[in-house]
Amino acid sequence: MSTETVTVINNLTGERYELPLRQGTLGPPAVDISSLYQESGLLTYDPGFMSTASCHSSITYIDGEQGILLYRGYPIEQLAAKASFLEVAYLLIYGELPTASELADFEQVIRRHTMLNENLKSFLNGFHYDAHPMAILVGVVGSLSAFYHDSLRINDPRHREISAHRLIAKVPTIAAAAYKHSIGEPIIYPRNDLRYCANLLHMMFATPCEEYRPSLLAERALNLLLILHADHEQNASTSTVRLAASSGANPFACIAAGIASLWGPAHGGANEAVIAMLTEIGRVENIPKYIAKAKDKDDPFRLMGFGHRVYKNYDPRAKILREVCHQVLGELADTNNPLFELAMRLEEIALSDDYFIERRLYPNVDFYSGIIYQALGIPRNMFTVMFAVARTVGWVAHWLEMMSDPNNRIGRPRQIYRGPVKRDYLPISQR
Ligand code: SDX
């Protein structure tokens, strides 16, 4: 197959380089620069990787202009409306929707891995009483290789699959345990008679004193939230997982690295920041003041839950969540939830403001998710933890994809050095 190329001309030397063009099944073509430095001595510069594809992947596709999100080719709107989270997890990991028996087997495997090594409880209890649940999650997940070292031969596909199952099964148990620790309640064990989302709600809200049965609506709302947050191409945390994995680090360490990256307010921490922002704005009358702050270059304030590196249109996940907000609030909480009313007014005002229109800043997945989490009784400091529970599936899918790639190499970007040129050491008496 003939390979299309682009020509790079170094106007300093007049040298020309033919670089191959790579085209996926969807999305823009990419100039393959992997041989550029070797051939020309030239580096490329792209901080934030605005124009850089880091890998091939078949898992998720985003069209930022059209506001399209596909998991293994299936539109997020269809999966959100019809699938269970574990069905989507199977799809992301294995590449195809499961048959009924494949799904039943997968659910059973995950169910049998939900418990934690009992010694992890003493580790958990060592955290400060008011530790942020994300701090506990990143620490405990990173420690899992100390407990489950019987399946860490990362070049063995079966070991990779067992670690993948363990992560998908145990992260919700750890997440719920982190929450219980932060409120001083005993850890609640998972139950094998509950579905994945119901089990997570059970582990969060049950107590030894009384039975807790999550409502079907709460289970469905959580199922939707986890599906929408499951994967999203090469976002910051997924790229972190891939870079950690490229050195051959064990999967638990790689996922812990992803959790750490997700925690940032520019990424997965935004859902918690959105509620803090809406609470600070307080009333519709205050919105213009905060819109002005968001536009003021001298003010670090940003409209949390707005903007996206890839979506220059409405984030399809935000669109789905906005519609579900009405239903969930109507049935789970008071419909005139002041934060939801405020969020909709803020969105309306921002989307009519030239600053946001010119920069194509739309609500993203984090803008409405916190309102639904709150309606489910989930506290603000657990929002990013819930994001991490969902994104563990995406991180694991990308980890499996890259670990099965024979061309997988350690990631090691270059730099433009702007420090001092070579100079000699001066004895302290001469400084
Ligand atoms: C997630 O990558 C993913 O896929 C992430 C994610 C996933 O599923 O993994 O989708 C999840 O992280 C969603 C994003 C959540 N973060 C937030 O809501 C935080 C607020 N948003 C921003 O910080 C920002 O929009 C980012 C980080 C999301 C995107 O940043 P970019 O692409 O680097 O854009 P930028 O910072 O260069 O902004 C471009 C312009 C700038 O103005 P100018 O310098 O051109 O004048 O837009 C402005 C920015 O100041 N801008 C904002 C803004 N976001 C961008 N101004 C006010 N409020 C905002 N929210």
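Look above for the structure.
Every residue gets a number counted from 1 within its own chain, in the order that chain's sequence is written. Under the rules for a predicted model, residues below a pLDDT of 70 receive no local features and side-chain atom pairs below 80 are neither given nor counted, while totals for whole chains, interfaces and linings still include all residues. Each side-chain value is derived from all of the structure's non-hydrogen atoms; neither hydrogens nor water enter the calculation.

Trainee: How should helix α18 (residues 383-403) be read in this particular structure?
Mentor: In an α-helix there are 3.6 residues to a turn, and that puts residues three or four apart on one side. Only runs of H or I of at least four residues qualify as helices and only runs of E of at least two qualify as strands under DSSP, and these elements are numbered from the N terminus. Expected helix span is computed as 1.5 Å times (number of residues minus one). When the terminal C-alpha atoms of α18 are compared, their 30 Å separation across 21 residues agrees well with the 30 Å that a helix rising 1.5 Å per residue should span. To get the bend at a residue, fit one axis to the 7 residues ending there and another to the 7 starting there, then take the angle between the axes. If you look at α18, its biggest bend is around 35°, right at Arg391. Each residue's exposure class comes from its accessible area (1.4 Å probe, protein chains only) as a fraction of the maximum for that residue type: buried when under 20%, exposed when over 50%, partly exposed otherwise. Among the 21 residues in α18, 21 count as buried, and that is most of the element.

Trainee: Is there a simple way to explain the packing of aromatic side chains in this structure?
Mentor: For any pair of aromatic rings, the description rests on two quantities: the centre-to-centre distance and the angle between the ring planes. Only Phe, Tyr and Trp rings are paired, with Trp represented by its six-membered ring, and only when their centres lie within 6.5 Å; those with planes under 30 degrees apart are stacked, over 60 edge-to-face, the remainder tilted. The tally for this structure, following the rule as stated, stands at 15 aromatic pairs. Taking the centre distance of 6.1 Å and the plane angle of 75° together, the rings of Tyr179 and Phe205 count as edge-to-face. Note that Tyr179 is positioned in helix α7 (residues 157-182) and Phe205 in helix α8 (residues 196-205), a separation of 26 residues in sequence. Classification of Tyr179 as buried rests on a relative accessible area of 10%. Seen in terms of ring centroids, Tyr290 and Phe301 are 5.6 Å apart; in terms of plane orientation they differ by 65°. Their pairing is edge-to-face. Of this pair, Tyr290 sits in helix α13 (residues 287-295) while Phe301 sits in the loop between α13 and α14 (316-332); the two residues are eleven residues apart in sequence, bridging distant segments of the chain. The exposure class assigned to Phe301 is buried, which follows from its relative accessible area of 14%. Taken together, the ring pairs connect Phe306, Phe340, Tyr355, Phe356, Phe367 and Tyr368 into an aromatic cluster. Across from the ring centre of Tyr37, 5.0 Å away, lies the NZ or CZ of Arg414, which sits over that ring. When the NZ atom of lysine or the CZ atom of arginine is within 6 Å of a ring's centre and also within 35 degrees of its normal, the charge is said to sit over that ring.

Trainee: Sorry, what's going on with the environment of Met204 here?
Mentor: Position of Met204 among the secondary structure elements: in helix α8. Once the C-alpha coordinates of Met204 and Val241 are considered, the two residues, 37 residues apart in sequence, prove to be 27 Å apart. The residues contacting Met204, other than those within four sequence positions of it, are Ala176, Tyr179, Lys180, Ile378, Met382 and Met386. Any pair of residues with heavy atoms lying within 4.5 Å of one another is described as a contacting pair.

Trainee: Whenever I open this one, the packing of helix α12 (residues 270-281) against α18 confuses me. Can you help?
Mentor: Helices that pack against each other are described as a pair by the angle of their axes relative to one another and the distance between those axes. Contact geometry for α12 and α18: axes closest at 7 Å, N-to-C directions at 155°. Viewed along their axes, α12 and α18 adopt a mutual orientation that is roughly antiparallel. For the pair α12 and α18, the sense of crossing is right-handed. Every residue of α18 that contacts α12 at Asn271, Glu272 and Ile275 is listed here: Phe383, Thr384 and Phe387. Here the axes come from fitting lines to C-alpha atoms, over the contacting stretch only for helices, and the angles between their N-to-C directions go from 0 to 180 degrees. Here the angle decides the label: under 35 degrees means roughly parallel, over 145 means roughly antiparallel, 65 to 115 means roughly perpendicular, and every other value means oblique. The sense of a crossing depends on the near helix, which, turned anticlockwise from the far helix by less than a right angle, makes the crossing left-handed and, turned clockwise, makes it right-handed.

Trainee: Just checking my understanding: could you explain the packing of α12 against helix α15 (residues 338-350) for this structure?
Mentor: Packing of α12 against α15 brings their axes to within 10 Å, and their N-to-C directions diverge by 90°. For the element pair α12 / α15, the angle class is roughly perpendicular. Residues Ile275, Met277, Leu278, Thr279 and Ile281 of α12 pack against Leu339, Leu342, Ala343 and Leu346 of α15. Of the residues in the contact of α12 with α15, the class split is eight nonpolar, one polar and no charged. When residues are grouped by polarity, Ala, Val, Leu, Ile, Met, Phe, Trp, Tyr, Cys and Pro land in nonpolar, Asp, Glu, Lys and Arg in charged, and all others, Gly among them, in polar.

Trainee: What's the story with the sheet that holds strand β3 (residues 30-31) in this structure? I'm lost.
Mentor: Note on sheets: strands pair through backbone hydrogen bonds, and any given pair is parallel or antiparallel. Overall, antiparallel pairing links the three strands, which are arranged β1-β2-β3 in an open sheet. In the strand order of this sheet, the two ends are held by β1 (5-10) and β3, each with one partner. By the bridge criterion, two bridges tie strand β2 (residues 15-22) to β3 in an arrangement that is antiparallel. Residue Arg22 lies in a different strand from β3, and its bridge partner there is Ala30. Two strands are said to pair when DSSP picks up at least two bridges between them.

Trainee: How should unusual backbone geometry be read in this particular structure?
Mentor: Even without being glycine, Arg72 reaches a positive phi, approximately 50°. Of note, the phi angle at Glu233 is positive, near 60°, even though the residue is not glycine. Structurally, Glu233 is set in the loop between α9 (216-228) and α10 (236-245).

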